[in-house]
Amino acid sequence: MMHCGWSLLGPLQWIHYVNKQVKVKAGKDEEHRGWLLTVDPVSASLVLVDFREEGGVSVQVVMGHAVEEVEVLQEADEETAERLQTSFLPPRTRMMDSEELRRRRGAVRGLLEKNRVPVEEEGEELKVAGVLIITAPCGSLQVSSVNKFVLDLALDLWKVVPAYPTSTSSLGRTLFGKCSRA
């Protein structure tokens with residue numbers, strides 16, 4: 001049980017609470033219960049998930065500055081941990097097996113490499129030119145970057161590239177040609 005100073009604990013301690021059912025005391029008379037999905041590393045806010053009997057999911061965010069106490073009620077079993085990991089993925093992602101995801105990641109990586117775009121594979125992510133990240137299942141919804149210009153270019157490009165390419169295209173020239181003129 002954590003009594004005070006939740007926001008001072010930091011990510012290395014918070015990780016011990018993730019995927020566990022917790023009781024959170026916030027404020028004088030507020031108490032929240034749910035499965036801890038994640039903790040925001042900046043605000044220390046907790047994202048609690050509760051699975052409804054009818055199949056729905058309830059999500060609640062408890063602001064980090066308001067947390068007074070966090071108590072672990074129980075560990076997640078295998079089924080609950082899986083539900084926590086997949087509840088917020090797009091439906092198509094949940095139905096793909098690991099082999100299909102690996103194949104798609106490989107196809108996108110191959111296209112990038114054929115077009116001489118620097119790409120590295122780190123776990124299940126593709127890191128493109130150090131400024132763009134593509135996660136499974138390697139579609140336009142899984143492209144992210146802190147550089148809005150690069151992200152906009154990549155998303156525009158994604159509209160023209162086949163959903164899961166297997167042949168070469170002008171991907172490299174399109175992405176880096178526009179970047180070099182900016």
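Parameters at a glance
- Residues numbered from 1 in each chain as written.
- Predicted model: local features only at pLDDT ≥ 70, side-chain atom pairs only at ≥ 80, totals over all residues.
- Heavy atoms only, no water.
- Helix = DSSP H or I, 4+ residues; strand = E, 2+ residues; numbered from the N terminus.
- Buried < 20%, exposed > 50% of the residue type's maximum accessible area, 1.4 Å probe, protein only.
- Contact = heavy atoms within 4.5 Å.
- Areas by Shrake-Rupley, 256 points an atom, 1.4 Å probe, with all protein chains shown as cover.
- Patch = residues over 30% accessible without salt bridge, like charges linked within 9 Å, V, L, I, M, F, W, Y side chains within 5 Å.
- Salt bridge = Lys/Arg side-chain N within 4 Å of Asp/Glu carboxyl O.
- Lys, Arg positive; Asp, Glu negative; His and termini not counted.
- Charge placed at Lys NZ, Arg CZ, Asp CG, Glu CD.
- Pairing = 2+ DSSP bridges.
- Core = buried A, V, L, I, M, F, W, Y, C linked by side-chain atoms within 4.5 Å.
- Axes fitted to C-alpha atoms, helices over the stretch in contact; angles between N-to-C directions.

The protein chain carries the name Gem-associated protein 6 in an unreviewed UniProt entry, which gives Collichthys lucidus as its organism.

A closer look at the overall build of the protein chain
A tally of regular secondary structure across the protein chain gives seven helices and nine strands. Taking all 182 residues of the protein chain together, 37% fall into the buried category. Pairs at least 24 residues apart make up 46% of the contacts formed inside the protein chain by residues separated by at least 6 positions. When the accessible surface of the protein chain is totalled, it reaches about 11200 Å², and 51% of it is carbon and sulfur.

Re a negative patch on the surface
On the surface, a cluster of negative charge is made up of Asp77, Glu78, Glu79 and Glu82. Among the structural elements, Glu82 can be located in helix 3 (residues 78-86). In this structure Glu82 comes out as partly exposed when scored by relative accessible area, which is 45%.

Thoughts on the pairing of strand 6 (residues 119-122)
With four bridges joining them, strand 6 and strand 7 (residues 125-128) adopt antiparallel strand pairing. Following the sheet pairing, Glu122 is matched in strand 7 by Glu125. Here strand 6 folds back onto strand 7 in antiparallel fashion, the turn holding two residues, of which Gly123 has a positive phi close to 65 degrees.

Some thoughts on the sheet that holds strand 9 (residues 143-144)
Sheets are built from strands paired through backbone hydrogen bonds, the pairs being either parallel or antiparallel. Strand order in the open sheet formed by four strands is 6-7-8-9, with antiparallel pairing between adjacent strands. Either end of the sheet is taken by a strand with one partner, and the two such strands are strand 6 and strand 9.

Quick look at the nonpolar core
Trp6, Val24, Leu36, Leu46, Val62, Val67 and Val70 are the most contacted members of the largest nonpolar core, which has 14 residues in total. Those elements that place two or more of their residues in this core are strand 1 (20-26), strand 2 (30-39), strand 3 (46-51) and strand 5 (67-75). Among the elements that line this core, the one with the most residues is strand 1, at three residues. Filtering out sequence-adjacent residues up to four positions away, Val62 remains in contact with Val24, Ala26, His32, Ser45, Leu46, Leu48 and Val67. Counting residues in hydrophobic clusters, the runner-up holds 13 residues, among them Leu112, Ile134, Cys138 and Val143.

Digging into the sheet that holds strand 2
The strand order across the open sheet formed by five strands is 4-3-2-1-5, and the pairing between neighbours is antiparallel. Because the sheet does not close on itself, it has two edges, and the strands there are strand 4 (57-62) and strand 5. Across the sheet, the mean angle separating the axes of adjacent strands is 40 degrees when strand polarity is ignored. This element, helix 3, spans strand 2 and strand 3 of the sheet and lies at about 120 degrees to strand 3.

Comments concerning the pattern of salt bridges
Per the counting criterion, the structure on display carries 11 salt bridges. With a shortest N-O distance of 2.9 Å, Arg103 and Glu100 are connected by a salt bridge. With a gap of three residues between them, Arg103 and Glu100 both fall in helix 5 (residues 98-114), about one helical turn apart. Overall, the relative accessible area of 42% leaves Arg103 in the partly exposed class. When its relative accessible area of 21% is taken as the criterion, Glu100 is described as partly exposed. The partner of Glu121 in a salt bridge is Arg105, and the shortest N-O contact between them spans 2.9 Å. One end of the pair, Glu121, is in strand 6; the other, Arg105, is in helix 5, and 16 residues separate them in sequence. By relative accessible area, Glu121 is classed as partly exposed at 35%. A residue is classified by how much of its surface remains accessible, and Arg105, at 8% relative accessible area, is buried. Taken together, the shared-partner salt bridges connect Arg105, Arg109, Glu113 and Glu121 into one network.

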